[in-house]
Structure formats: structure tokens, C-alpha cells
Protein chains: 4
Amino acid sequence: MRGKSINELGIGQRAEFSKTISESDIYSYAGITGDFNPVHVNQVYAENTIFKSRIAHGLLSVGLISAVAANVLPGPGTIYLKQELSFIAPVYIGDTVTACVEVINIDITKNRVLLKTTCKNQKNKILIEGQALVSPPKELDSDPG
Amino acid sequence: MRGKSINELGIGQRAEFSKTISESDIYSYAGITGDFNPVHVNQVYAENTIFKSRIAHGLLSVGLISAVAANVLPGPGTIYLKQELSFIAPVYIGDTVTACVEVINIDITKNRVLLKTTCKNQKNKILIEGQALVSPPKELDSDPG
Amino acid sequence: MRGKSINELGIGQRAEFSKTISESDIYSYAGITGDFNPVHVNQVYAENTIFKSRIAHGLLSVGLISAVAANVLPGPGTIYLKQELSFIAPVYIGDTVTACVEVINIDITKNRVLLKTTCKNQKNKILIEGQALVSPPKELDSDPG
Amino acid sequence: MRGKSINELGIGQRAEFSKTISESDIYSYAGITGDFNPVHVNQVYAENTIFKSRIAHGLLSVGLISAVAANVLPGPGTIYLKQELSFIAPVYIGDTVTACVEVINIDITKNRVLLKTTCKNQKNKILIEGQALVSPPKELDSDPG
């Protein structure tokens, strides 16, 4: 249950996680955060917007990014320091979102890793782009001396 | 059900939303996003980290920021374009998080508003800092010509 | 899966259903209804009210009343027509609420039954009082002639 | 985070909140309250009723009424005292419910406000009618004498 330490990481390493976003995901997410923006939970309203139907909260898909970072790359023990995000296209109910993280810079001295973070849908359309700065888990101290 | 248009916004306007983060929030959020980082859902693991107990997902609190933007300032109809985030301190089960947005720049030509976005806990400690770029709702077109 | 028809009901019949109200019940209920009244989801705020701590939504406990009516008395097939409610005392996280329905009037011609509806806590304190008017399920037509 | 006090309220003031009721809302509500009336959670059963399909719990839509009262009018700090309800028409999965509260009487001496409470669907059909008696938040006491 420990992810990769900084010495196990290399530029270009990638990992991803995909999930079909359900209506219940959107509704539960609204319920946790209090974000009842009608474009998410009011079909009549949403039909009269440029989106034409209810869409998922952008940050819900960002949660899949942190899931990949926390579960896989670097994995358990990772501390999330910064995240920059551009929301490019909407996620509709039933869309399958793939969140991808890719190592693009490594600072061994500070134990920090820069990740390119991207979400795409089932048509390979980019939904969200950005970068995350994370601190990967440290190796267990093997030198008690 | 329409938020403030760009002409109704002014630099320095602020709005906030507060919620006590429950264990059930964290578990539901994990279930939606798939982020089962043990520091969030494994108490035994968490006790052996620098956090000493389970903490909430950083992005869960960010959801309160988008809730304020979507519900209050600018309000319904707001489109979320960009978000920059620095995660500064953790949120523990039972902490009361206040998310605050404040208008810091307005670009009338592009219909874009820059918000300072901050989350604090019940001790007024800053948890998350950042900026969001949003597009406030447009006024209804009253000139059919 | 059919409840009692009007001919199977008698004045004085009672049924009840009890549940300990958890923090997750309150948070999920807020998430479904959008009722983020801070007295329900903000511990800091709630401590400064006459309630001194977060309380459950009053209507959450009313849901236990409709559960008894729908599950037991009269049971499946019951149609809920009217409900009058007085909210007398608050429900705190961890309180065990017992919802009771009691038949107090029967109108065979209109197929309507008046129920006294009460919620009490574990100290037998009355929390909610009221009356419900319901239409019990009809007997299956046994005379095809 | 304080709603309108009695002196800020006037007869005829209105507020509303709308939400498309999802299958997940109904199932989560059933899970919280224990109301597993088959007309809500059993499609086979529901198809053989006068409703022809699963319908939402009537009290779920009433929750939107308390959300408007708690969030907007009178707003945070409001105490819910009484509610009378008539359930007139069912809510189907996917219906968009608009809950409206309107001030119809004000008792300044007792600090009580009577609200007309109505839920309609996307076709403007009345689903639920009733009245709520609430106690709006008090102004902060500015006279220590």
C-alpha cells in the first residue's frame, strides 16, 4: 500500500482511470458539495442553455485525476500540492471519462513531481487539461544507523 | 434562476458557503470518484502518516468553491473555465470548511471574471488558495434587432 | 405485497417504525433535497443556535411516518393524500426516532383512513405530531361476473 | 448566513427552487427513510397501478419546499413549525419539480410567517399544495439594556 517513491518515477510514465459518469454520480456530487447549479440538476433549465442537457460538474471529473494519482501514479501516500485546470468541454450523463496523468517533471531535491493531467471522453475529445504538483511517498527509511 | 451578469459584478464582491465535512461526505466522494487513497478511507494507515487521522479529499472542499460560484456569485448560469489551486492544510472529519469567492478582476469584453477562491476551517486557518476564471451568465437579450 | 384494505382496518390499530438517525442520513437528505440549512450541516453555526448542535431536517423524520404507512399500516398500495404536521422538538444526530401511525377514523364510502401520526425519540419525547389522510389499497376484484 | 427577519418580509414575497427528480433521488430517499413502498422502487408492481410507472415519494418533493424556506425565504435560521400538505399529482422519474413558497401572512408579535407552499412539474401542473408556518430568524439583539 505504498505508491512509487521519487526514485521509481520517470518522465513519460502514464496511468489512467476511466468511468462512465452516471446521473447518480452527478446527483450525489451535488449533494456532497451543495453545488445545485441548475445546469447539473435541472433538465428543463439545461435544455435552454448552450449545453442542451444536464452536464456533470467539471470538478467531478477532476476527482478521477486525483484518483489515478492516489491509486496508481505515484499511488498511495501521494500528497496533492497544486492543481491547475482548464475546463474545455462538458461531460454529459452517460459519457465515459478517462483521466490520465503523465509525469512531465521530477524535482528529486524537493521530492516533487509535476504531472500533466487530462480528461477525455469516449470520443477522445479533451474535456479538461491541466497540471498537478504532487509529493510522492517517501521510501521507508532503510538505514536505522 | 439567473445569477449576476458581468454588469452587476464589481471588484471586491464576496460570497461564501460553509459546511461541516462529515465522514459520510468523504466516503461518498470516494465512491463517486474512485479516489480511495488510504489517507482518506483507512484509519489505520492514516494514523501512521503525518496527518495522524483520515483527512478529506482536497478536491471535496474545492467543490464548495464551485458551489458558491454556481449558487451565489456570480450564480446560476456561470460557466467554469479555469481553476488554480494550492492545497495548504488538511481537512479532518468534523472540520467546518468555509469556501469564499471574491471578485478580483473583470474583463467585460470577454465576459470573464477572475475570482480569488479560498477555503478556511473553523479556526480561520487557510486550507486551499487559488483563483478561478468564470464566465458569468449573460443578460437576456432584450434587443431583437 | 398488498396492504390492508379498508375492511381489514379498525380504529385503534397501530404500527410503528424506529431508526437511529445518523449524520449520514442528514447529509444524504440534504443532498437530495438541497436543504443545506446550516443548522443541519454546519456544526459551528448550529452551536450558536438554541439547538446547540446540528439537528436533523424535520421532514426526514416525517419520512419514517410515510414508511410505516407504506410498509405496514395500511401497507403497500396505500396512496398518501394529505398530511398535517407540527414540529415540536428537534432530532439530534444519534437520536432514535420512532414513527407511529394509529387509525383514528375510517370512511368506507370514500375509501379513506385518517391516521394519527407521531414521532418520538428514545426518551419518549414527542418530536412531531399530526394526521395523515390515506387511501388504503382496494381488495382485488373477486367477482369477475 | 442569516435569512430575512420578520421586518424584512412582506406579503407576496416569493422564492422557488427547481430540480429534476432522478431515479437515484428516489432510491436514496427510500434508503434514508425506509419507505420502500413498491410504487416507488418496484417497476413491475408500479406498472400495475394507476400510476403505470414508479413515482417519487411525495415527501421528497416537500423537501424542496423546506429547502427554499431554509436557503432563501426567509432563509438560514428559519425554524419550521407546522406544515399542511395535499398530495395532488404524482412525480415521475425525470420530472422537474419547482417548489415555491410565498408569504401570505405575517404575525410580528409571535415572529411567525405563514407561507403558501406549492410544488409544480415542468408542465406547470400542481403536484402538492399546502401551507407552512415558520419562525424567521431574529435580528441580532442590538440593545443589551
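Remember, it's a predicted structure, so these values are computed and weren't measured experimentally.

Asker: Let's hear about the packing of helix 1 (residues 23–33) of chain A against helix 4 (residues 58–71) of chain B: which residues, and what values?
Answerer: Between helix 1 of chain A and helix 4 of chain B, the shortest axis-to-axis distance is 9 Å and the interhelical angle comes to 85 degrees. The angle between helix 1 of chain A and helix 4 of chain B falls in the class roughly perpendicular. Every residue of helix 4 of chain B that contacts helix 1 of chain A at A:Tyr29, A:Ile32 and A:Thr33 is listed here: B:Leu60, B:Gly63, B:Leu64 and B:Ala67. Residue classes in the contact of helix 1 of chain A with helix 4 of chain B are distributed as five nonpolar, two polar and no charged.

Asker: Tell me what's going on with the packing of aromatic side chains, and back it up with residues and numbers.
Answerer: Inspection of the entire model under this criterion finds nine aromatic pairs over all chains. An angle of 65 degrees between the planes, with centres 5.9 Å apart, marks the rings of A:Phe36 and C:Phe36 as edge-to-face. Of this pair, A:Phe36 sits in the loop between helix 1 and helix 2 (38–41) while C:Phe36 is found in the loop between helix 1 (23–33) and helix 2 (38–41), placing the two residues in two different chains. Its relative accessible area of 8% is what places A:Phe36 among the buried residues. Between A:Phe87 and B:Tyr80, the ring centres sit 4.8 Å apart and the planes meet at 20 degrees, which makes this aromatic pair stacked. You can see A:Phe87 sitting in strand 2 (residues 79–87) and its partner B:Tyr80 sitting in strand 2 (residues 79–87), one on each of two chains. Grouping aromatic residues by their ring pairs yields a cluster made of A:Phe36, B:Phe17, C:Phe36 and D:Phe17.

Asker: For the pairing of strand 4 (residues 112–120) of chain D, give the residues involved together with the corresponding values.
Answerer: Residues and elements named next belong to chain D. Bridge analysis of strand 3 (residues 96–107) against strand 4 gives nine bridges, and the strand direction is antiparallel. By the bridge assignment, Glu102 is partnered in strand 4 with Lys116. Once strand 3 ends, the chain turns through four residues before running back antiparallel as strand 4, passing Asn111 with a positive phi of about 55 degrees.

Asker: Requested: an account of the pattern of salt bridges, with residues and values cited.
Answerer: A side chain of one charge can pair with a side chain of the opposite charge if their charged atoms are brought near each other. Considering all chains together, one arrives at 16 salt bridges over all chains under this definition. Of the charged contacts in the structure, one is a salt bridge between D:Glu8 and D:Arg2, with a shortest N-O distance of 3.8 Å.

Asker: Account for the sheet that holds strand 1 (residues 14–20) of chain D, naming residues and giving values.
Answerer: The strand order across the open sheet formed by 10 strands is 1(C)-3(C)-4(C)-5(C)-2(C)-2(D)-5(D)-4(D)-3(D)-1(D), and the pairing between neighbours is antiparallel. With partners counted over all chains shown, the strands left at the sheet margins are strand 1 (14–20) of chain C together with strand 1 of chain D, one partner each. Averaged over all neighbouring strand pairs, the angle between strand axes comes to 20 degrees, with direction disregarded. Of the strand pairs in this sheet, strand 1 of chain D and strand 3 of chain D are connected by seven bridges, and their pairing is antiparallel. Paired with D:Ser18 across the bridge in strand 3 of chain D is D:Thr98.

Criteria and cut-off values
Residues numbered from 1 in each chain as written. Chains lettered and ligands numbered in written order. Predicted model: local features only at pLDDT ≥ 70, side-chain atom pairs only at ≥ 80, totals over all residues. Heavy atoms only, no water. Axes fitted to C-alpha atoms, helices over the stretch in contact; angles between N-to-C directions. Helix = DSSP H or I, 4+ residues; strand = E, 2+ residues; numbered from the N terminus. Parallel < 35°, antiparallel > 145°, perpendicular 65-115°, else oblique. Contact = heavy atoms within 4.5 Å. Nonpolar A, V, L, I, M, F, W, Y, C, P; charged D, E, K, R; others polar. Phe/Tyr/Trp six-rings, centres within 6.5 Å; stacked < 30°, edge-to-face > 60°. Buried < 20%, exposed > 50% of the residue type's maximum accessible area, 1.4 Å probe, protein only. Pairing = 2+ DSSP bridges. Salt bridge = Lys/Arg side-chain N within 4 Å of Asp/Glu carboxyl O.

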